[in-house]
Structures are given as C-alpha cells and as structure tokens.
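# Structural overview
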Amino acid sequence: MPRDGHSISRKQISENALKVLYRLNKAGFQAYLVGGGVRDLLLGLEPKDFDVVTNATPEEIKKLFRNCRIVGRRFRLAHIVFGRDVIEVATFRGHHGESNDKISKANSEGRLLRDNVYGDIDEDAERRDFTVNALYYDISDYSIRSYGGGMDDLKTGTLRLIGDPETRYREDPVRMLRAVRFATKLSMAIEDVTAKPIRQLAPLLKDIPAARMYEEVLKLFFAGKAVDNFEMMQEYKLFAPLFPQVDAQLKDAPKGHAMKMVQAIMKSTDERVNQDKPVTPSFFYAAILWYPLRQRAEDIAVESGLTLYDAFFAAMGDVIEQQCQTISIPRRFSTPAKDIWQLQLRFDRSQGTRAFKLLEHPKFRAAYDLLLLRGEVEGGNLAKSAAWWQQFVEADETERLEIARSGNKASGNRNRNSPQRRRRRPSAPKPKAAE
C-alpha cells in the first residue's frame, strides 16, 4: 500500500523511533515500524510504544548505536535507549529448520524455549501472532506491507491468528491471553478457528514463567479493560491458571463474596484508569486475594487452635507464596499488600479516638478503599463499619473529634465476624519469699 493509500504520517511516529529507522536505512539495512504501532495508528489510536524490525542482526545493530543493549535469551532483541524511552529492535524471524539448541529449542509441549532463527520479512510476517500485527511501515518509501489479510481484518474487526492455532498456542501459550486483550482493546471479534482451541489449551499457561505472567496481568487488568478481560478470560477458562486460589472459591460459590469482590475490583480499577488516577498492584492483589486469605486463616485456626486473628498473620505468607507460583509478585508490592491486609484487622477495634492514629498509617488509604469494597460486597455489620469510617475520613477535624467520641461509646458493639485477639489470662500472684 503506497503512501497515498494509507493515513499514517511521520508526524505521528515518535522522534526516537524515526532516528532508529533512518539510521538503519542509511546504513544499508531494511527498517520497518511493525506490529501494534502501525495497527494503532491505522485505527486512529495513540500507540504506547513503537517497535522496529530489520534484517540487521543484534550485533550489527549494536555497532550502529552506542546507546544499544542486547537483551533476552529466548528472543534476542536490541533495546535502543533514549533516556526513559526505549525503542525495541528485532531481527527478522525465520522458520525453524534442523534443531540447534544454541539458536532454537522447544519443549515436549511445543513451547519455544529459544528462538533466534533469522530470516527475511516474508518469513517474519508468518511468525507474527495475529494478522492485524503483521503490518510493516517501510521508512524507505513510507509504504505499508500487509500480510495474511491484516488490513482487511482491521476493517472488519476480526482477530485472526496466523497459521494453525493449536500449534501457535503451543509455541507460546501467552498468545491466548493476547487474543483476549486485543479483542477487548480493539473491539474485535476472535475468529472461530482462532478461538476454538483456547479452552482446551488454557492449562498450558501454568508452564509460563511466573515473572513473565506478572507483566501480562498488568496489561490485562491495568489498561482500562479489566472487566471485559475478566469476563472473556472466564469464558475461555484462562483465569484459573493465573489465580488458582481465587478460582477455587469462584467455583464453590459462583455468586458468593469472592466473585463479587473480583467484579468490584475490576470495575474499580477500570474507573481509576479511565479517570487517570493511580492504580497499584499492591491494592489489586490485596483485594483479589482477600477471600482466599480469609479462607486460609479459618483453616489454620481450625487446624492449629490459634485465634482467627493470629491465624490471619500466618495465612498471609501462605497465600502470597502460592500466588507467586503462577504470578511472580515483586516484594515491593507483596509487602504493602500484607500491610493492607493487617489494617483490615484493626478497623473495627479503632472506631473511636484510636482512629486518628490509624489514619496516619502510610497504607491507610489503600486499606480504607479495600474496607469500602468489602462493605459493598458483604453488607451487614461490615457495611456499618465501612460507613462509620467513610464518615470519619470525609469529615473535617472538628467533626472527626465528635465522630471519634461517639465511636468510643459504640465501640462495645463490634463486628462479631471480625478476628479478635485472644486475651491473656492474668497470672496468679507469686508467693512472697519468706523473710
């Protein structure tokens, strides 16, 4: 498609991406803007990043750019660093021939463990996942190359996998999550042949490294489409491999507290993203794992004889550890999530003048937001407690003092369902020593 046949202008492409494209082209290499950047520009969306593909090898790219670093083992890529902006440059992928563990390797399930086979642009297009991502903007003449009917699929709103779907999903099971994400982000329908194997192959996601899955979860639930993505993941059985503890509760009670909490956190996250408010993995994981935590605490209390309050502290590590087997949550987020959980145990005991001290806790706001969600989910005494805290938080200093004093009078009527500390029995007085 020549320049006059499409709507992309160089003014829409980042200056740093253009620098990379021009330098590669000037050095005699082919250079294309590829994938999501081209797709989004054609759809009138603002791309989050611009990726480049070339026939230059990573080593040849590094010679051209002093600000280049080569990353990755499974896929070797060149990252051209411009301050905080990073332009990712990949070498054309080729088809796998004879097995050579140094450049290509797959496991028994067909998942690619190493893929550094290079080819030409036609082979690279066949190695792309979806047709709408097999779009190449050529910097030499500003034309667009479309493979597999990508331009037509953009027009009809069809998400179609390139090649045999089962083979492609086995090569990289994350493609199933990408199918969901692109379908909701781009308002596209997943083609029947592309969708058919997903439910059967969903368990393959358990084999994906937990660190990679952490990044995929951010893309799924922190981009303003959390509700839609969750619903489609449920439809295709993709949620269970990522959140097995939550899924167990959803199966036990499809309309229970855990399901209401998941729906509430997805809706709340979308609202915050769409209002340009910050969202953090700490709060997200604290909220989505709250009911698995409570279930685990109750189990520990029965098994060990600990009070439910003490059992909660023991359960926190268990729940985080189990979740990290499928999604690696960095400690900088898992530690604050535990703080948010601990504060839930203090809300009922702090209605009164103690509320002022709790208000000063660094994680108070996040814990308070979780309390409101819990009150919305459970109702009853918990909703009354959440309402008291909402009144206290939204009041001015003078009003807060009055509310706190009234809270002291009512503090004897605590939520019976809240975990309580075991009171120590007073020790018997020691006999006086004989004089």
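The structure this text deals with has already been given above.
A brief look at the structure comes next. (Residues numbered from 1 in each chain as written. Predicted model: local features only at pLDDT ≥ 70, side-chain atom pairs only at ≥ 80, totals over all residues. Heavy atoms only, no water.)

## A word on the sheet that holds strand 5 (residues 85-91)
Judged by pairing direction, the sheet is mixed, and its seven strands sit side by side in the order 3-4-5-2-1-8-9 without closing on themselves. Where the open sheet ends on each side, the last strands, each with one partner, are strand 3 (68-71) and strand 9 (144-146). Averaged over neighbouring strand pairs, the angle between their axes works out to 30 degrees when direction is ignored. One ladder, built from four bridges, connects strand 3 with strand 4 (residues 77-82); its direction is antiparallel. Considered in strand 4, the bridge of R69 is made with H79. Here helix 1 (residues 15-26) sits on the sheet in contact with strand 1 (31-34), strand 2 (51-54), strand 4 and strand 5, set at roughly 35 degrees to strand 5. (Pairing = 2+ DSSP bridges. Helix = DSSP H or I, 4+ residues; strand = E, 2+ residues; numbered from the N terminus. Axes fitted to C-alpha atoms, helices over the stretch in contact; angles between N-to-C directions. Contact = heavy atoms within 4.5 Å.)

## With respect to the environment of Q249
In this structure, Q249 sits in helix 12 (residues 244-252). For Q249, a relative accessible area of 15% translates into the label buried. Note: C-alpha distance between Q249 and M259 (ten residues apart in sequence) is 8.0 Å. In contact with Q249, other than residues within four places in its own chain, are A258, Y291, P292 and Q295. (Buried < 20%, exposed > 50% of the residue type's maximum accessible area, 1.4 Å probe, protein only.)

## Considering the pattern of salt bridges
In a structure, side chains of opposite charge can pair up when their charged atoms sit close to one another. Enumeration according to the criterion identifies 20 salt bridges in this entry. In this structure, E59 engages R76 in a salt bridge whose closest nitrogen and oxygen atoms are separated by 2.9 Å. Here R76 lies in the loop between strand 3 and strand 4 and E59 lies in helix 3 (residues 58-64), a separation of 17 residues in the sequence. According to the relative accessible area criterion, E59 is partly exposed, its value standing at 37%. (Salt bridge = Lys/Arg side-chain N within 4 Å of Asp/Glu carboxyl O.)

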